Amino acid sequence: MATEESGGLAQTAAVKLSEMGERTKQLGNAIQDPERQRRIILVIVCVALLLDNMLYMVIVPIVPDYLARLESESEQAHHVTGNSSTNSTQNENFDVQIGVLFASKAILQLIVNPFTGTFIDRVGYDIPLLIGLSIMFVSTCIFAFAENYATLFVARSLQGLGSAFADTSGIAMIADKFTEEAERSRALGIALAFISFGSLAAPPFGGVLYEFVGKRVPFFVLACICLADGILCMTVLKPFSSRNRENMPVGTPIYKLMIDPYIAVVAGALTTCNIPLAFLEPTIANWMEETMDSSQWEIGLTWLPAFFPHILGVYITVKLAAQYPHLQWFYGALGMVIIGASSCIVPACKNFEQLIIPLCGICFGIALVDTALLPTLAFLVDVRHVSVYGSVYAIADISYCVAYALGPIVAGNIVHNLGFVQLNLGMGLANVLYAPALLLLRNVCLMKPSHSERNMLLEEGATGLYDTIRMEERQRKKHGYSSSGNCVPIDENGTFAGQSKSLSEEETSEPEYI
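Since we're looking at a predicted model, the values are computed, not measured.

Bringing helix 8 (residues 216-237) into the picture now. The terminal C-alpha atoms of helix 8, which comprises 22 residues, lie 31 Å apart, in line with the 32 Å expected from a rise of 1.5 Å per residue. Among the residues making up helix 8, those that are buried are Pro 218, Phe 219, Leu 222, Ala 223, Cys 226, Asp 229, Gly 230, Cys 233, Val 236 and Leu 237. What you see down the axis of helix 8 is that its buried residues fit within an arc of 165°, all on one side.

Have a look at this one:
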């Protein structure tokens, strides 16, 4: 009897193991499905961007108060007393320390990005993404256990190094995996939504947990999410598996991309549109206390309502870009005008409710600019260079970092010397004056592929995005339109309708841009 029972148990266990093995195999096959894999990759990248921006902003309500407590305890321990001038000097030094600490992430990211962009172009997108997540995990753990300014500074700087890898490779991976312009705009819009949510939700998230359960808990939560995202990255992307990289196209050097006039215009727009957000974040709290007598909860929730118009801006731009892709430049210019007008309205607000309106306008405008111009960068690389995206999105990251590196250091000095009103008027005027520069992008949709890119279109298969576009054009030639933006009619040979030159003449000529 016992033998029969043990045999039945063994048979049941074998059946369950077989079922588990079958389910594991099905899961593996599902992960390898290209469409599902693209969605999983989008999730991995979005979580990485969410983490980076939450870690960037979660310290805003935590670190100043924590460092003030440490300084107070140190003074009490040493029985330090001084006159009012000494205390004033100490307060100024403390403000400078906080500004340098906040800016250190963007400064290091700004320095490292040119090298990480080249590295990503050489090795692909998955290994740099995993490196970035690993560094961010270490940085988050250091934040949790840091008990002095020097350790916090190291953690903040390490986060900048991790962001230079994770942010750039993540955005570049999205551009590479989503080749259709409409799909790419939608995917980048989703990524921008996660960036926005991380930036705007992190201060109340960190402030509440810091108030009730202490400094370490917010960072422990973020570290666990980062670890889970890293494990998912290794499982799905398999960054260290043996793969042939010798067939990877060689990307255009970053210095050549920087001097491309169209890319330079986009980079300037990304910097200018983010200046109001970067400069207001470190200054608006003191201004609200002085002019509105705002409470701490109002200051903590200042930017949270702006998340919803940001999402609305992303949604509207993605929908418009799908219908009218040749107007991407206009969406960006309109966003800069909205940002400029909203910045000028901020100093006129008299209470918290009024202030929400221009801040929502700023975030709505930033959503228009980012969602319109980030896909434009990838398209410019496709038609003017080689379809490898690490360096071009390193330039985009540099553009953001310029604004956020200057913000904590420069904004306070401008407010002190010129005033809060002049700061906002200057930022608003800069955005409005820069908007017409985007007119230079109005014919981007009509551009032809570069000569070097055309030479890469070999019969051995697609090696870059533009190869894929050309293959799709051949399949869709009966429709009479290019799949790359649906802007220019093409004939049955895959060339532009109305083009009088022969293929041989075109190949021997220099690249032609409209």
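Within the secondary structure layout, Leu 439 lies in the loop between helix 17 (420-434) and helix 18 (451-455). Residue class for Leu 439 comes out partly exposed when judged on its relative accessible area of 37%. The spatial distance from the C-alpha of Leu 439 to the C-alpha of Val 265 is 9.7 Å, given a sequence separation of 174 residues.

Time to look at the packing of aromatic side chains. Within the structure shown, the criterion is met by 10 aromatic pairs. Consider the rings of Phe 143 and Phe 219, whose centres lie 5.2 Å apart with planes at 5°: the pair is stacked. One end of the pair, Phe 143, is in helix 5 (residues 126-145); the other, Phe 219, is in helix 8, with 76 residues separating them in the sequence. This pair shows no difference in class: Phe 143 is buried, exactly as Phe 219 is.

Grouped together as the largest cluster of nonpolar side chains are 124 residues, with contacts concentrated most on Leu 129 and Tyr 393. Among the elements that line this core, the one with the most residues is helix 15 (residues 352-384), at 17 residues. Each of two domains, domain 1 (33-71 + 97-242) and domain 2 (250-458), supplies a minimum of three residues to this core. Contact partners of Tyr 393, with chain neighbours within four places excluded, come to Thr 168, Ile 171, Ala 172, Ala 175, Leu 188, Leu 374, Pro 375, Leu 377 and Ala 378.

Right, let's talk about the confidence of the model for the protein chain for a bit. Mean pLDDT over the protein chain: 79, with 75% of residues reaching 70 or higher. Here helix 20 (residues 503-508) stands out as the least confident element of the protein chain, with mean pLDDT 39; helix 14 (residues 328-345) is the most confident, with 95. Low confidence marks residues 450-470, where pLDDT is under 50. Its contacts with residues over four positions away, or in another chain, come to 44 contacts. Here residues 488-514 scores under 50 on pLDDT; set against residues more than four positions off or in separate chains, the count is 44 contacts.

Turning our attention to the pattern of salt bridges. Taken as a whole, this structure holds six salt bridges when the rule is applied. Of the charged contacts, one joins Glu 183 and Arg 38 as a salt bridge, the two residues approaching to 3.3 Å between their closest N and O atoms. A residue pair is termed long-range when its members are at least 10 positions apart, and Glu 183 in helix 7 (residues 181-213) and Arg 38 in helix 2 (residues 34-58) qualify at 145 residues. The buried category is assigned to Arg 38, whose relative accessible area is 15%. Arg 216 is the salt-bridge partner of Glu 147, the closest N and O atoms lying 3.7 Å from each other. You can see Glu 147 sitting in the loop between helix 5 and helix 6 (149-177) and its partner Arg 216 sitting in helix 8, a full 69 residues away along the chain.

All right, on to the state of the cysteines then. Disulfides are covalent bonds that link the sulfur atoms of two cysteine residues. According to the stated counting rule, one finds zero disulfides in the structure shown. Just so you know, Cys 141 is unpaired, no disulfide at all, and the nearest cysteine sulfur is the one on Cys 224, 8.4 Å from it. Residue Cys 224 is classed as exposed on the basis of its relative accessible area, which comes to 54%.

The rules behind each value
Residues numbered from 1 in each chain as written. Predicted model: local features only at pLDDT ≥ 70, side-chain atom pairs only at ≥ 80, totals over all residues. Heavy atoms only, no water. Helix = DSSP H or I, 4+ residues; strand = E, 2+ residues; numbered from the N terminus. Expected span 1.5 Å × (residues − 1). Buried < 20%, exposed > 50% of the residue type's maximum accessible area, 1.4 Å probe, protein only. Arc of directions from axis to C-beta. Phe/Tyr/Trp six-rings, centres within 6.5 Å; stacked < 30°, edge-to-face > 60°. Core = buried A, V, L, I, M, F, W, Y, C linked by side-chain atoms within 4.5 Å. Domains from an automatic or database assignment. Contact = heavy atoms within 4.5 Å. pLDDT = per-residue confidence, 0-100. Salt bridge = Lys/Arg side-chain N within 4 Å of Asp/Glu carboxyl O. Disulfide = S-S within 2.5 Å.

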